[in-house]
Amino acid sequence: MSRMSGSVKSLAGSGVIKLKEHDPLLVAQNERVTDFGEKMSVLIRIVERIMEEKKEFVDELQEFAPTFSAWAASEDVISPILTSLSSCIESCAKSADSNATAQEMSFLPPLREYHLYSDVVKALMKKRDMTQANYERITDEEERKKEERANLPRSDQSYSLGAMMGRNAADVREQKEKRLDQQIEELSKKREEANNQLEVSNTDLRADLERWSLNKTIDIAHAFDQHASSQILYHQECIEAWESVLPQLQEGEVEST
């Protein structure tokens, strides 16, 4: 996870977070990350299936080579051709095995890594949403207290619990006003702190997304480039192996005619 900043290391848990307002850019980014993760998951399954089939192909080739070699021992005329075919198939088997190993060691890990990264990015975005939800909760509570404070002079305190216990209604109202003023002041400070946390979270998130997007493009492109080079090398080695035995096959065909 070295490509991500330290803010990723304290991710929030799962769960749906309801917000009053949604940033359209972040919503679109979340959809892109989700789509990317799903595509990577499909790609990983395809690569794993290809690797499995390639390993089975290698096993089959490794069985064919000794078969041709044993056959050559019982033949006279075509023995050299059979021996060459055995060597050719053995070379193709080694190339296929090396190609499968390269795919497993170099191509598949980056795909799995970035599939995990997509989950990390979504968790980071969820952490940011939790910060906004906390800010909205404090703001709503402050507005509710302010409204209660504004309505207090017009409210009848004669039936309040303090008045019913024998206290003067004006004293009860004054005490409530002081308590509400104190609560509003505390909530105002909390709101400012929550807003600062939200701004920091937004800045960190945008920086992480930009860095992750850049690294993702470079790393995935490099992985596919290496994979293509490995595939080209594999097919070149197989072609060279078959070209080495082709003259003998053609010579044997001419002699048979």
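All values derive from a computational prediction rather than experimental measurement.

Turning next to the packing of aromatic side chains. All told, the structure shown has 5 aromatic pairs when counted by the stated rule. Centroid distance F36 to W212: 5.6 Å. Interplanar angle 90 degrees. Geometry classified as edge-to-face. Here the residue F36 occupies a position in helix α1 (residues 24-73), and W212 occupies one in helix α4 (residues 169-256), the gap between them amounting to 176 residues. The pair F36 / W212 is uniform in exposure class, with both members buried. Ring centres of Y114 and W212 lie 6.5 Å apart, and the angle between their planes is 45 degrees; on these two criteria the pair is classed as tilted. Of this pair, Y114 sits in helix α2 (residues 79-151) while W212 is found in helix α4, placing the two residues 98 residues apart along the sequence. The pair Y114 / W212 is uniform in exposure class, with both members buried. Through pairs of rings, three or more aromatic residues link up here, namely F36, Y114, Y117 and W212. The cationic tip of K54 hangs over the ring face of Y234; the distance from NZ or CZ to the ring centre is 5.5 Å. Looking at K216, its charged tip hangs above the ring of F36, at a distance of 4.7 Å from the centre.

Across soluble globular proteins, you tend to see nonpolar side chains buried next to one another. Counting residues in each nonpolar core, the largest one holds 20 residues, and the members touching the most others are M40, V47, L111, Y114, V121, L205 and W212. At the level of secondary structure, the elements contributing two or more residues to this core comprise α1, α2 and α4. Sorting elements by how many residues they give to this core places α2 first, with 8 residues. Core analysis: the next-biggest nonpolar cluster, separate from the first, contains 17 residues, V58, L85, Y234 and A241 among them.

A few words on a nonpolar patch on the surface. Taken together, V42, I46 and I50 make up a surface patch of nonpolar side chains, about 230 Å² in accessible area. Looking at the secondary structure, you find V42 in helix α1. We classify V42 as partly exposed; its relative accessible area is 39%.

Turning our eyes to something else, we now look at a negative patch on the surface. Taken together, E52, E56, D59, E60, E63 and D97 make up a surface patch of like negative charges. Here the element with the most residues in the negative patch is α1; it accounts for 5 residues. Here E52 lies in helix α1. Looking at E52, the relative accessible area reads 46%, which means it is partly exposed.

Scoring rules and cut-offs
Residues numbered from 1 in each chain as written. Predicted model: local features only at pLDDT ≥ 70, side-chain atom pairs only at ≥ 80, totals over all residues. Heavy atoms only, no water. Phe/Tyr/Trp six-rings, centres within 6.5 Å; stacked < 30°, edge-to-face > 60°. Helix = DSSP H or I, 4+ residues; strand = E, 2+ residues; numbered from the N terminus. Buried < 20%, exposed > 50% of the residue type's maximum accessible area, 1.4 Å probe, protein only. Lys NZ or Arg CZ within 6 Å of the ring centre and 35° of its normal. Core = buried A, V, L, I, M, F, W, Y, C linked by side-chain atoms within 4.5 Å. Patch = residues over 30% accessible without salt bridge, like charges linked within 9 Å, V, L, I, M, F, W, Y side chains within 5 Å. Areas by Shrake-Rupley, 256 points an atom, 1.4 Å probe, with all protein chains shown as cover. Salt bridge = Lys/Arg side-chain N within 4 Å of Asp/Glu carboxyl O. Lys, Arg positive; Asp, Glu negative; His and termini not counted. Charge placed at Lys NZ, Arg CZ, Asp CG, Glu CD.

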